[in-house]
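Structural description and commentary
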Amino acid sequence: MNKTFFKAAVIALATTTMPPLVNAANNVDFTLVKQAPRSNLQVAIVPFAGAESISGIVTNDLTNLGQFTLDSNLPERPHSSSEVTLPVWQHKAVPYLVVGNTRSNRGNVEINFEVINVATGEVMQGLQTVTSKNNSQSLRMAGHKVADRIYEILTGIKGDFSGRIAYVVETGKPKNRVSRLVISDVDGFNPKVIYELNGTIKTLNTSADNQTFTFQVQPDTLGYPQVMSANIVSGAVSNLTNFKAMNYGASVSKDGRVIFSSSFENGIPQIYLAQGGSSRRLTNDPVGAIYPSWAPDGQSFVYTSDRAGGKKGGNKGQIYLYNLATGSEQRLTGGGLSSMGRISNDGKKMSYLLGANQGVVMDLGSRSVTAVNNVGLSEAPGVSPNGQHYIYSNKNVITIVSNGKSISISPSQNGVPNGLIYGPLWLNPDANNVLP
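The notes below deal with the structure included here.

Cut-offs applied
Residues numbered from 1 in each chain as written. Predicted model: local features only at pLDDT ≥ 70, side-chain atom pairs only at ≥ 80, totals over all residues. Heavy atoms only, no water. Phe/Tyr/Trp six-rings, centres within 6.5 Å; stacked < 30°, edge-to-face > 60°. Buried < 20%, exposed > 50% of the residue type's maximum accessible area, 1.4 Å probe, protein only. Lys NZ or Arg CZ within 6 Å of the ring centre and 35° of its normal. Axes fitted to C-alpha atoms, helices over the stretch in contact; angles between N-to-C directions. Helix = DSSP H or I, 4+ residues; strand = E, 2+ residues; numbered from the N terminus. Parallel < 35°, antiparallel > 145°, perpendicular 65-115°, else oblique. Left-handed = near helix turned anticlockwise from the far one by under 90°. Contact = heavy atoms within 4.5 Å. Nonpolar A, V, L, I, M, F, W, Y, C, P; charged D, E, K, R; others polar. Lys, Arg positive; Asp, Glu negative; His and termini not counted. Salt bridge = Lys/Arg side-chain N within 4 Å of Asp/Glu carboxyl O. Pairing = 2+ DSSP bridges. Expected span 1.5 Å × (residues − 1). 1 Å grid on protein atoms, 1.4 Å probe; cavity = no way out; pocket = protein on both sides within 12 Å on 5 of 7 lines; lining within 4 Å. Points joined across faces, edges and corners; volume = space filled by probe spheres on them. Core = buried A, V, L, I, M, F, W, Y, C linked by side-chain atoms within 4.5 Å. Domains from an automatic or database assignment.

Another aspect to go through is the packing of aromatic side chains. For the structure on display, the rule yields twelve aromatic pairs. Ring geometry for Phe213 against Phe215: centres 6.2 Å apart, planes inclined by 40°, an arrangement best described as tilted. Across the pair, Phe215 and Phe213 agree in class, each one buried. With centroids separated by 6.2 Å and ring planes inclined at 75°, the aromatic side chains of Trp294 and Phe301 adopt a geometry described as edge-to-face. Across the pair, Phe301 and Trp294 agree in class, each one buried. Ring-pair connections join several aromatic residues into one group, and the members of that group are Trp294, Phe301, Tyr303, Tyr320 and Tyr322. Taking the ring centre of Phe189 as reference, the NZ or CZ of Arg140 above it sits at 3.9 Å. It is Lys202 that lies over the ring of Tyr422; its NZ or CZ is 3.4 Å from the centre.

Looking now at the packing of helix α2 (residues 52-64) against helix α4 (residues 136-155). At a closest axis distance of 8 Å, the pairing of α2 and α4 adopts a crossing angle of 50°. Here α2 is positioned oblique relative to α4, judged by the angle of their axes. Taken as a pair, α2 and α4 cross one another with a handedness that is right-handed. Side by side, α2 and α4 meet where Ile54, Ile57, Val58, Asp61 and Leu62 of the first sit next to Leu139, Arg140, Gly143, His144, Val146, Ala147, Ile150 and Tyr151 of the second. Here the residues of the contact of α2 with α4 are counted per class, giving nine nonpolar, two polar and two charged.

This part takes up the side chain of Glu170. By the element assignment, Glu170 lies in strand β5 (residues 164-171). Buried within the structure, Glu170 lacks any salt-bridge partner; Arg177 is the closest side chain of opposite charge, at an N-O distance of 4.3 Å. Those residues in contact with Glu170 that sit more than four places away from it in its chain are Arg177, Val178, Ser179, Gly199, Thr200, Gly419, Leu420 and Tyr422.

Taken in spatial order, the four strands line up as β16-β17-β18-β19 in an open sheet, and their pairing is antiparallel. Two strands close off the open sheet at either side, each with one partner strand: β16 (289-294) and β19 (329-331). With strand direction ignored, the average angle separating the axes of adjacent strands in the sheet is 25°. Note: strand β18 (residues 318-323) against β19, three bridges, orientation antiparallel. Bridging from a neighbouring strand, Leu321 pairs with Gln330 of β19.

A few words now on the sheet that holds strand β27 (residues 405-409). Taken in spatial order, the four strands line up as β24-β25-β26-β27 in an open sheet, and their pairing is antiparallel. Both outer strands of the open sheet, β24 (382-383) and β27, are each paired with one neighbouring strand and no more. Bridging between strand β25 (residues 390-393) and strand β26 (residues 398-402) involves four bridges; their strand directions are antiparallel. Looking across to β26, one finds that Ser393 is bridged to Ile398.

Moving on: α2. If you check α2, its first and last C-alpha atoms are 18 Å apart, about what 13 residues at 1.5 Å a residue would give, namely 18 Å. Among the 13 residues of α2, twelve are classified as buried, and the element is accordingly described as predominantly covered. Against β1 (43-45), β3 (108-117), α4 and β27 lie the buried residues of α2.

Once that is clear, we can look at α4. For α4, spanning 20 residues, the distance from its first C-alpha to its last is 29 Å, which sits close to the expected 28 Å at 1.5 Å a residue. Counting buried positions along α4 gives 14 out of 20 residues, so the element sits mostly inside the fold.

The buried fraction of β3 amounts to nine of the ten residues, a majority that puts the element mostly inside the structure. Bridge count between strand β2 (residues 96-105) and β3: ten bridges; the pairing is antiparallel. The residue bridging Tyr96 from the neighbouring strand is Asn117, located in β3. In this structure, the hairpin formed by β2 and β3 is closed by a connection of two residues, where Arg106 is found at a positive phi of approximately 55°. With five bridges joining them, β3 and strand β4 (residues 128-132) adopt antiparallel strand pairing. Of the residues in β4, the one forming a bridge with Asn112 is Thr129.

Mapping Tyr248 onto the fold places it in strand β12 (residues 247-252). Relative accessible area serves as the criterion here: at 2%, Tyr248 is assigned to the buried category. Distance from Tyr248 to Phe215, taken between C-alpha atoms, is 9.2 Å for residues 33 residues apart in sequence.

Right, let's get into empty space enclosed by the protein. Remark: the empty space left among the atoms is shown by a probe the size of a water molecule rolled over them. By volume, the second largest cavity is sized at about 80 Å³. Thr203, Leu204, Asn205, Tyr248, Gly249, Ala250, Tyr291, Pro292, Ser293, Met340, Gly341 and Arg342 are the residues that line the second largest cavity. Looking at the lining of the second largest cavity, the elements with two or more residues in it are β8 (199-206), β12, β16 and β20 (338-343). Considered class by class, the residues forming the lining of the second largest cavity number six nonpolar, five polar and one charged.

Within the largest apolar cluster, 36 residues are counted, with the highest numbers of intra-cluster contacts made by Phe48, Leu62, Val146, Ile150, Tyr167 and Ile400. Going through the elements one at a time, β1, α2, β3, α4, β5, β26, β27 and β28 (420-427) are the ones with two or more residues in this core. Sorting elements by how many residues they give to this core places α4 first, with seven residues. In this structure, this core is formed jointly by two domains, domain 1 (41-155) and domain 2 (164-427), each of which donates at least three residues. When sequence neighbours within four positions are dropped, the list of residues in contact with Ile150 reads Val58, Leu62, Val98, Phe113 and Val115. Ranked by size, the runner-up nonpolar core spans 18 residues in total, among them Leu181, Ile183, Phe215 and Tyr422.

The following block contains the structure:
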């Protein structure tokens, strides 16, 4: 592999009223770190009977991305559609109204809510229910699930507030740095460190199975970089490349197959497919193939190669799409150095790194490219599971962008050590589609 490209690749790595809940649902904290610019009023959310802070979490989720606004000057506070005085809301010119309440159900908490079209009085898609365990962490996740459902009812797009985010926090100087891999709620709450080492953790990558994500670790002591896999829900970590070689990323398909990049055969990194305890090489790239990532169809993947620069490379890395059924390849990018491609869950977009520090997203239909981040951290942005939002690191905070509006999340406010943040991913909420 061309030394210049190899160096560039390494740099790119650098809620009916109910009895009080346990810890009281009304004490479930929510914080808006930075208010996103608000759009015109689209939906009013009346605090839910029995658990006002759950509706607060819902409001926070929807408002954070600048698409919805809560009118704090409410003309009345109904908790079901039967209590709504429709002309009052029509006079306020509020297009949509959300009302809700909670009740105990066999030791759990049942959150019932309705989304009302104010112009017609219609309860859109009927009464909605989310059931939660009776503890603050579960109730917080239930709030996110309620927001997901409201978002989907109003827009037709599946919400992803109940997903998770994963990111790395690096502290200390290079000679004694510590890297911590963290999973948290999308709004930064409930952070959990699932992996820690003296060295670097880089190249976080989503997987098509919606259960795992992968990352690369490089200890400061002598040794080879290894690619690890982590479970989104449990945080359990396993090693995908437990052999002496240069390893540059991996991704897991829906049926559990693993693609990974390694130099363990001939010294030049190639893409391998592992299944059922055996592996086979897929590429035979003269200058090396790195950063593999599954497409959601499970039949293709993208990877980076420098072969556009000739047999010896030339710092002209580009992203290619490999079709497993045919073995055929298609070049997706052109021009300057492009690397670290990841295709969104809907298969319509690809995020990647353009040059040394420009994160971009390509519309795979039109091939138009949108610049997302340029903060000098040499990493591609992430795309949220529903394809509507982008996420990236802004050194000490995580930034989420939606329709040109942005919010910032500060992990240190939730107990995570303050340091440089790398590679945030927005992970699919389907993995959390159980009783929260």
